[in-house]
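One-letter residues, chain by chain:
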Amino acid sequence: MRIVIAEDDPLLREGLALLLRAEDLDVVATAGTPGEFLVAVDNHAPDVAIVDVRMPPTHTDEGIVAAVEARRRRPGLAVLVLSAYVEQAFATDLFSVGAAGLGYLLKERVGRVEEFLAALHRVADGGSVIDPEVVAQLLARNRRTDTALSELSPREREVLGLMAEGLGNSAIAERLFVTDGAVHKHIRSIFSKLQLPPDDQADRRVTAVLRYLNGDRR
């Protein structure tokens, strides 16, 4: 797995590189600006990019913009975006054209090494990952103004959150200590209440969840 890291904080950037190399992963380049990142993508043809949301010069959305451009230049590039805060617009913008090979994690997740590496591998394999805290906060924000979300039971909200993380039915059942049949029943109820067509493919389910959270009923 060839990895490029784009992070303007030199300590975090080098810390990530050391962590990944210690796991025998090939960090082919690191970058401190969006421009350096895109040059690295062009020169090194990585499999995965780890990108900070807020980068120079304005520290707003440069990382997201660069990630989208990198995927345009290199179709199939897996991207794992890191953010210090839950930023709904950035999360939904990132996944607006599909969820395969994309992840959105809070930076604090990096300190939980096993979880971070599992997320990285899932994204590299074409899956999708959304930080559980991001999902929880997005659900909480939208539930206050959306009657459909307010109709979900506590267990259904748990299942929806795990779906948005990219977990399949069996993984959700294992996490919640319930049967696959119970998970299937909850998902059927969720899709009914949210008026979303059911689908057994995890990435498409993530896209549907994010589309719903963003207020898009297409």
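Residues numbered from 1 in each chain as written. Predicted model: local features only at pLDDT ≥ 70, side-chain atom pairs only at ≥ 80, totals over all residues. Heavy atoms only, no water.

**Student:** Explain the nonpolar core here, please?
**Tutor:** Across soluble globular proteins, you tend to see nonpolar side chains buried next to one another. Phe37, Val51, Val79, Val81, Leu94, Phe95 and Tyr104 are the most contacted members of the largest nonpolar core, which has 32 residues in total. Within the second largest apolar cluster, 21 residues are counted, among which are Ile5, Leu80, Phe116 and Ala119. (Core = buried A, V, L, I, M, F, W, Y, C linked by side-chain atoms within 4.5 Å. Buried < 20%, exposed > 50% of the residue type's maximum accessible area, 1.4 Å probe, protein only.)

**Student:** Would you explain helix H9 (residues 169–176) in this entry?
**Tutor:** Given 3.6 residues to a turn, an α-helix orients residues that are three or four positions apart in the same direction. Buried within H9 are the following residues: Ile172, Ala173 and Leu176. The arc that holds every buried residue of H9, seen down its axis, measures 100°, which confines them to one face. Of the residues one or two after H9, Phe177 is the one with positive phi, at around 60°. (Helix = DSSP H or I, 4+ residues; strand = E, 2+ residues; numbered from the N terminus. Arc of directions from axis to C-beta.)

**Student:** What is the right way to look at the pairing of strand E1 (residues 2–6) in this model?
**Tutor:** Across a regular strand the side chains alternate sides, sitting on one face of the sheet and then on the other. In terms of burial, E1 is largely enclosed, as four of its five residues are buried. Looking at chain direction, E1 and strand E2 (residues 26–31) are connected through five bridges and run parallel. Note that in E2 the partner of Ala6 across the bridge is Ala31. The handedness of the E1 to E2 crossover, carried by helix H1 (residues 10–22), is right-handed. Judged from the four bridges that link them, E1 and strand E3 (residues 48–52) form a sheet pairing that is parallel. Pairing of Val4 across the sheet is with Ala49, part of E3. (Pairing = 2+ DSSP bridges. Right-handed = clockwise from strand over helix to strand, strands pointing away.)

**Student:** What should I look at first to understand the pattern of salt bridges in this one?
**Tutor:** Two side chains of opposite charge can pair, provided their charged atoms sit close to one another. Following the criterion strictly, the structure yields 11 salt bridges and no others. For the salt bridge of Glu69 with Arg72, the shortest nitrogen-to-oxygen distance reads 2.7 Å. Of the two residues, Glu69 and Arg72 both sit in helix H3 (residues 62–73), three residues apart, roughly one turn of that helix. Given a relative accessible area of 58%, Arg72 falls into the exposed group. A salt bridge links Glu115 to Arg109; the nearest nitrogen and oxygen atoms lie 2.9 Å apart. Judged by relative accessible area, which is 7%, Arg109 ranks as buried. When salt bridges that share partners are traced, they join Asp42, Glu69, Arg72 and Arg73 into one network. (Salt bridge = Lys/Arg side-chain N within 4 Å of Asp/Glu carboxyl O.)

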